[in-house]
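# Secondary and tertiary structure notes
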Amino acid sequence: MPACLRSLPMRAEMLALAVTVAAAVVLLSLDSGSDVRMLEIGGGGDVELVPLDGAAGPESVVFGRGGEGPYTGVSDGRVMMWRPAERRWAEHSSSSAPELLDSCRGSQDPGREHECGRPLGLKFNNETGELYVADAYHGLRVVGPLDSVSRPLLPNWQGSSPFSFANGVEIDHETGDVYFTETSTRFQRREFLNIVISGDKTGRLLKYDKKNNQVEVLVDGLAFPNGLAMSTDGTYLLLAETTTGKILRYWIKTPKASALEEVVQLSWFPDNIKMSPRGGFWVGIHAKRGKIAEWSISYPWLRRLILKFPMHHVQRASSLLNQLGRQVIALRLSEDGKVIEAVSVHGAAQKAFKSVSEVEERNGSLWIGSVMSPFLGAYRL
């Protein structure tokens, strides 16, 4: 037997041991003696779980210009609006064609996302009432105040499909320009783990010029660009680069315009970003950054080995590792990247929030969305 094959069991044992040690180290990455305020969510009544209407995966959370909502996009291509007085969800709009809506409604099948659509980032234009939707398969879309089906802003761009993996979206309310991320030009959303494991760097930050109906590539070569948020003064964008664990700042105005800089390197995989009304910004945490991901990027032989396994097996292993010890699901950071608050879960809540996509702070509550959950969470601060 070749020596390389005889060494595989040893490599596997070393990998398992290293991953366990790495998980323990990450649990201690928040210094207990620091000024970070810890918000603990347990299994009691401190968080409300609002079940969705048949579908799952509330990725992003937004409120209308009159405070109505929240609105969220779900697995069957619909955007839903919560009616708190009636304690029910209402359909706002859909990414799928009208003739597909009935068959798509309630779908949780990733294999149908290219038909039904998969709305991720959401953002209202407070001036027009239009809702902009970053759909993972149908590209950048918009829904008018009187519409029930979103329409593509750019049916054809550079002679191809709109975008292969549109994700985060943000609006400059002063100019009407729309900024959005394309996570990968190589992989689709259902293959998101492949983006991390392969070290793919085909992601981009783009700008839609509403006045001229044109798209400009602002930054390319990004490793899983994800959530996007604009500063309160409109001078820069914050961008989560999931694979690297970095929060980046892209300057729109000031003498630094067009410059990209690192704000902070996290010990987790960041997802969406939302500004906090109390200052700073919230980052949803998809998972801890384990050594498996880091080594897959650093060592080609390990990357090739992991990519041979079905991705749902790799995802399952990652999920099990996330359940070790205290699980951080969200961070509030200052504009210079210092952690101000951390939200962690334990007990029954840890099973409910296996990963978090976004946290939206509104009227003293944190609305917690997860692309993997069949509900939206509401935690009172």
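This report concerns the structure included in the present document.

What counts, and at which threshold
Residues numbered from 1 in each chain as written. Predicted model: local features only at pLDDT ≥ 70, side-chain atom pairs only at ≥ 80, totals over all residues. Heavy atoms only, no water. Helix = DSSP H or I, 4+ residues; strand = E, 2+ residues; numbered from the N terminus. Buried < 20%, exposed > 50% of the residue type's maximum accessible area, 1.4 Å probe, protein only. Core = buried A, V, L, I, M, F, W, Y, C linked by side-chain atoms within 4.5 Å. Contact = heavy atoms within 4.5 Å. Disulfide = S-S within 2.5 Å.

Within the fold, Ile 329 resides in strand β21 (residues 327-333). Owing to a relative accessible area of 1%, Ile 329 belongs among the buried residues under this scheme. Taking the C-alpha atoms as reference points, Ile 329 and Gln 350, 21 residues apart in sequence, are found 9.3 Å from one another.

Here we come to the nonpolar core. By size, the foremost hydrophobic cluster in this structure holds 20 residues, and its most contacted members are Ile 247 and Leu 331. For this core, the secondary-structure elements that each account for two or more residues are β16 (236-241), β17 (246-251), β18 (260-265), β19 (268-275), β20 (281-288), β21 and β22 (339-345). Residues within four places of Leu 331 in sequence aside, it is in contact with Leu 266, Trp 268, Phe 281, Trp 282, Val 283, Ile 285, Val 339, Glu 341 and Ala 342. Judged by nonpolar contacts, the second largest core, of 17 residues, contains Leu 39, Trp 282, Val 345 and Phe 353.

For the structure shown, the criterion picks out 1 disulfide. Cys 104 shares a disulfide with Cys 116; S-S distance 2.1 Å. Linking Cys 104 and Cys 116, the disulfide has an S-S dihedral of approximately -85° and is accordingly described as left-handed. Here the residue Cys 104 occupies a position in helix α3 (residues 101-104), and Cys 116 occupies one in helix α4 (residues 113-116), the gap between them amounting to 12 residues. Considered together, Cys 104 and Cys 116 belong to a single accessibility category, that of buried residues.

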